[in-house]
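# Architecture at a glance
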Amino acid sequence: MLLKIALKNLLGARLRTFLNVLVTAFSFYLILFTSAMYDGMLQHAKQVTMDTEIAGGAYWHPEYDPLDPMTFEEAHSVPPSAIQALIDENKAFPVLVSQASIYPGGRIMPTIMKGIPPNQRIVNMPTDALLGHEDIAIPVLIGKGMASESKLEVGDAFTIRWLDTDLTYDADEGTVVHIMDTENFKLDMGHIWIPLNKVQSMLAMEGEATYVTYGKGVQPVQDKGDWIPRDINYLVQDMEAIIEADKPGAQILYLILLAMAAMGIFNAQVLSIFRRGREIGTLMAIGMTRPRVVGLFTLEGGLNAVLSAAVTLIVFGPILWYFGAYGIPLPIDYSEMGLIIAKRLIPVYTIGLVVSTTILVSIIVLIVSYIPSRRIAKMKPTDALRGKVMA
Amino acid sequence: MEKDTVIRIKGLLKQFPIGGQFFTALKNVDLDLNEGEFTGLVGPSGSGKTTLLNIIGGLDSPTEGQVSVLGQALNDTSHAERARLRRKHMGFIFQSYNLLPVYTVFENVELPLILNKVDKNERRSMVAQAVESVGLRDKMDSRPNMLSGGECQRTAIARAIVHQPALVLADEPTANLDAENSHHIMKILSNLNKELSTSFIFATHDEKIMAYLRRIIHLGDGEITKDEIIDNPKAHD
């Protein structure tokens, strides 16, 4: 019976229902979109890192610690034979890492010099830009952030100074052959990329590497010597730690959005219910009990939530789908700020997000329908009939 | 209680707290009303008509005294029991109609039957009968905002009588209507009173209504000042 009356009220109220449903649906949309955007941003950062840097995992020289450049001097050797076999089969590629200094425009800049095979296809880096520069002493690939920092452009030459295996300083002229546009600042800021054989020759470390990155799906090798296997889980742990550390922030953002949505819904519902004080009085006069009045209005709120979910799907669904498919272009390149943020933000709608948001918004709608109708139903019917406004 | 006594009130006192003091709306009210009566509570504004009507309808509670309606002592009943009494055995007609704006005439009249869980087919025929009796058959699908004041009040009457209550309480039912509509409404109510044996109580100070009443209870300053039986009211001419 209540459902029948609630449906009649909801469908009969046309504009009022339309506005309530629209406010709720918009709140649904806003929460879903913003949270999905945030999730998408974090997932994108992880994906970019895997795509451009980690691939399937790596074997590290036992001395190698990427966070401590002082270890680079010792972190090099010829890879163990099983790992070398992966390199030979093009299932992996070696990288030789060293500290260096560059002198763009006469200024000294400490950098990390990395030798990489130009023909590698395992990570998404434009290393083939390093090919075909036999006339150049040291062809160098840098990122946009580094180029901006050092004020270098393609074709610019600058001095590179490094410490070779005999602990002797050496220097030569490097030339920028390509500036890559990467979203992974870790490949960009403070890095110069040089063909592997050139770096091996510069450092007098023929055939040596600091780490070897292997492709996705490559099985672990048994005879890895003292090199340390680093799988994806290990290599993304920093990223996951950042995401984990950011969770409270994400939850606060979610709660703020939810609170804003709740306020919007609350205003719309309270206004709607309090305007119906006389109607509530009439219902009580013709014999509806107080609990039923409260039940009726709460049920109307519940139906409002169901309608809102449907409207969100129908009206805002295409918008959510469009952004999910094509993303939103960002006007600023955040990689220069040391952030892995996509140039197009693509929201990620997880089932958990959609279900939890639907449940939470529905609960809010029910609560904000229940509270004012309970207060009105507690009024004396004579006051409600007069349309007396409650304080 | 006698079989045909619909309302019995003894020593009724009703006070409202106002600014730390009490305003006495009704005092020393004793009243018996029998089945089928067509009675008016008459008096100036503030004389206590509406308050008495509300107490009889169980919408308000007495401060002191005994009020018994349709054999049920309202002093001892819960909100839910009073709601049930109204739902089953009473109809209300308000000065400002109090129709639900989003419902059609049919739906407004149908509402008490839905609350009483009347079967759908039976509902349809009862609503049709009630709407027919107030002459609104061609307005069944209209919403209140498409109706005149008189039509709205006729819809409210149909809603009040659709479940064939024993008692109809009408608070200034013609106050918002012109003379022609007022007479039309009172004729309808008078006919229904005769056909259904339903007791009607009006709170009014409208002279046009008084001409139709068979019993007039005069109220002044919250007390019954006069209780007169009209032998030959206009409506029964």
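So, here is what we can say about the structure in this document. If you're wondering where the values come from, they're calculated on a predicted model, not measured in any experiment.

Reading the values: rules and limits
Residues numbered from 1 in each chain as written. Chains lettered and ligands numbered in written order. Predicted model: local features only at pLDDT ≥ 70, side-chain atom pairs only at ≥ 80, totals over all residues. Heavy atoms only, no water. Helix = DSSP H or I, 4+ residues; strand = E, 2+ residues; numbered from the N terminus. Buried < 20%, exposed > 50% of the residue type's maximum accessible area, 1.4 Å probe, protein only. Contact = heavy atoms within 4.5 Å. Phe/Tyr/Trp six-rings, centres within 6.5 Å; stacked < 30°, edge-to-face > 60°. Lys NZ or Arg CZ within 6 Å of the ring centre and 35° of its normal. Buried area = accessible area lost by both parts, 1.4 Å probe. Salt bridge = Lys/Arg side-chain N within 4 Å of Asp/Glu carboxyl O. Polar contact = N/O pair within 3.5 Å; in protein donor to acceptor, adjacent residues only side chain to side chain. Nonpolar A, V, L, I, M, F, W, Y, C, P; charged D, E, K, R; others polar. Pairing = 2+ DSSP bridges. Arc of directions from axis to C-beta.

## Quick look at the environment of B:N54
- Of note, B:N54 is situated in helix α1 (residues 49–56).
- A residue is classified by how much of its surface remains accessible, and B:N54, at 14% relative accessible area, is buried.
- Dropping the residues within four chain positions of it, B:N54 is found in contact with A:T382, B:L59 and B:D60.

## Looking at the packing of aromatic side chains
- Under the criterion given, the structure shown has 17 aromatic pairs over all chains.
- Ring centres of A:F26 and A:F316 lie 5.9 Å apart, and the angle between their planes is 55°; this geometry places the pair in the tilted category. Taken as a pair, A:F26 in helix α2 (residues 15–54) and A:F316 in helix α10 (residues 290–326) lie far apart in primary sequence, 290 residues in all.
- For A:F26, a relative accessible area of 40% gives the class partly exposed.
- When the ring of A:Y322 is compared with that of A:F323, the centres are 5.9 Å apart and the planes differ by 70°; the resulting orientation is edge-to-face.
- Looking at A:Y322, the relative accessible area reads 43%, which means it is partly exposed.
- By the ring-pair criterion, three or more aromatic residues cluster together here, those being A:F26, A:Y29, A:F33, A:F316, A:W321, A:Y322, A:F323 and A:Y326.
- For the cation-ring pair, A:K8 lies above B:Y103, with the distance from its terminal atom to the ring centre recorded as 5.8 Å.
- One Lys or Arg, A:R230, reaches over the ring of A:Y234 and ends 4.0 Å from the middle of that ring.

## Description of the interface of chain A and chain B
- Between chain A and chain B, the residue contacts involve 25 residues of the former and 25 residues of the latter.
- Carbon and sulfur atoms make up 61% of the surface buried where chain A meets chain B, a total of about 2400 Å² over both sides.
- Linking chain A with chain B are 2 salt bridges.
- Put simply, B:D60 and A:K380 hold a salt bridge, and the shortest N to O gap is 3.6 Å.
- For the interface between chain A and chain B, the tally reads 9 residue pairs in polar contact (both at pLDDT 80 or more).
- Counting residues per element, the ones that place at least two in the side of chain A that touches chain B are α1 (2–12), α9 (277–285), α10 and α12 (381–385) of chain A.
- Within the side of chain A that touches chain B, the residues separate by chemical class into 10 nonpolar, 6 polar and 9 charged.

## Let's talk about the pairing of strand β3 (residues 38–42) of chain B
Residues and elements named next belong to chain B.
- When you tally the buried positions in β3, you get 5 out of 5 residues, the bulk of the element.
- In this structure, β3 lies alongside strand β8 (residues 199–204), joined through 5 bridges in parallel fashion. Paired with V42 across the bridge in β8 is T204.
- As paired strands, β3 and strand β9 (residues 215–220) are joined by 4 bridges and run parallel to one another. Residue pairing for β9: V42 is matched across the bridge by H218.

## Side note on unusual backbone geometry
- The residue A:A204 is not glycine, and still its phi comes out positive at about 55°.
- Assessed through its relative accessible area of 41%, A:A204 is described here as partly exposed.
- Positive phi, close to 50°, is recorded for B:Q164, a residue that is not glycine.
- Counting through the fold element by element, B:Q164 comes out in the loop between α5 (149–161) and β7 (167–171).
- B:Q164 gets classed as partly exposed once you look at its relative accessible area, which sits at 47%.

## Re helix α3 (residues 81–88) of chain A
All names here are of chain A.
- Taken residue by residue, α3 has A82, I83, L86 and I87 as its buried positions. Seen from one end, α3 has its buried residues packed into an arc of 150°, which puts them on one side. Summarising the geometry of α3, the exposed residues directed more than 90 degrees from the buried face are S81 and D88.
- Next to the buried residues of α3 lie β1 (57–60), β2 (92–103) and β8 (211–214).
- Positive phi shows up at N90, right after α3, with a value of about 60°.

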